[in-house]
Amino acid sequence: MTAAGAGRSTNPWIAVLLAWIFPGLGHAYLGRRRTAVVYALVVTLTFVLGMSFQGRLYTIEPGQPLSILATFAVFGAGLLNIAGRVLSETPGGNVLAVTYEYGCAYLLTAGLMNLLLMLDAYDLAVGRKA
Amino acid sequence: MKLLLALLPVDHFVIMTVYALLVSVFFAFLWRSERRERLVLFAKILGALVLGGLAVAWLMYPFPS
């Protein structure tokens, strides 16, 4: 559709979808390989540390409206979130762990970072950001 | 996962500093495009997060848990 920095035709929605699937993939699609690697490393490390700290991959709970926002945030991590839920023994986290709260903060941050990357990939693809 | 946890000490300050490092790198790359500008923003965010965290911890010190 529109031309990104690489000077070739790119579809902003494909960039957004790729960015959601894995951190940095949208930027790699737009030809920004170096920043894509940095984003992939930072977001993945944040997510993996969150899982290591036995944080919680939130799900929507009745009567807990904030859990909707938290679930939206962790689902922003795309495949990392899905892989975490499938592969982890305790996707709901371990409340008794000393690092539980830190883990939750890391996981939420990883998801929110990736949501920002999706918006950034869209802006780059439509030429809104230089 | 457990190996990673074993490598990283369970220490409030270390966990907070690692978090600050990751967030600083992320926003430095997201918001700036020049190398020098990125370094400056990275230092600012890192300093604000770590020093801000220490300041809040110090302010909360007198309060019982």
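Please read these numbers as outputs of a predicted model, since none were measured by experiment.

Some points on the overall build of chain A
Now for step 1: Helix and strand counts for chain A come out as six helices and two strands.
Now for step 2: Each helix (α) and strand (β) of chain A, taken in turn from the N terminus, gives the series β-β-α-α-α-α-α-α.
Now for step 3: Each of the three principal axes of chain A carries a C-alpha extent, and together these read 50 × 30 × 20 Å.
Now for step 4: When burial is assessed residue by residue, chain A has 47% of its 130 residues classed as buried.
Now for step 5: A separation of at least 24 residues holds for 67% of the contacts in chain A among residues at least 6 apart in sequence.

Focus: the interface of chain A and chain B
Now for step 1: If you look at the interface, chain A gives 18 residues, while chain B gives twelve residues.
Now for step 2: Looking at the side of chain A that touches chain B, the elements with two or more residues in it are helix H3 (33-52) and helix H6 (100-126) of chain A.
Now for step 3: Sorting elements by how many residues they give to the side of chain A that touches chain B places H3 of chain A first, with ten residues.
Now for step 4: Across the side of chain A that touches chain B, the residue classes tally to twelve nonpolar, five polar and one charged.

Section: the nonpolar core
Now for step 1: In terms of nonpolar packing, the biggest core is built from 43 residues, with Ala19, Val74, Leu107, Ala110 and Ala121 of chain A touching the most fellow members.
Now for step 2: When residues of this core are traced back to their parent elements, those giving at least two are helix H1 (12-21), helix H2 (25-29), H3, helix H4 (66-75) and H6 of chain A together with helix H2 (12-31) of chain B.
Now for step 3: Counting residues per element, this core draws most heavily on H6 of chain A, at twelve residues.
Now for step 4: The contacts of Leu107 of chain A, once residues within four sequence positions are left out, are Phe47, Gly50, Gly55, Leu57 and Val74 of chain A.

Focus: the confidence of the model for chain A
Now for step 1: Summary statistics for chain A give a mean pLDDT of 91 and a share of 94% for residues scoring 70 or more.
Now for step 2: Predicted confidence in chain A is weakest over strand E1 (residues 2-3) of chain A, with a mean pLDDT of 48, and strongest over H1 of chain A, with 97.

Here we look at the confidence of the model for chain B
Residue and element names in this part refer to chain B.
Now for step 1: Mean pLDDT over chain B works out to 90, with 88% of the residues at or above the 70 mark.
Now for step 2: Across chain B, the secondary-structure element scoring lowest on mean pLDDT is helix H1 (residues 2-7), at 68, and the one scoring highest is helix H3 (residues 35-60), at 96.
Now for step 3: Note on the complex model: pTM 0.89, ipTM 0.89.

What counts, and at which threshold
- Residues numbered from 1 in each chain as written.
- Chains lettered and ligands numbered in written order.
- Predicted model: local features only at pLDDT ≥ 70, side-chain atom pairs only at ≥ 80, totals over all residues.
- Helix = DSSP H or I, 4+ residues; strand = E, 2+ residues; numbered from the N terminus.
- Buried ≥ 20, exposed ≤ 12 C-beta atoms within 10 Å, placed from the backbone.
- Contact = placed C-beta atoms within 7 Å.
- Nonpolar A, V, L, I, M, F, W, Y, C, P; charged D, E, K, R; others polar.
- Core = buried A, V, L, I, M, F, W, Y, C linked by C-beta atoms within 7 Å.
- pLDDT = per-residue confidence, 0-100.

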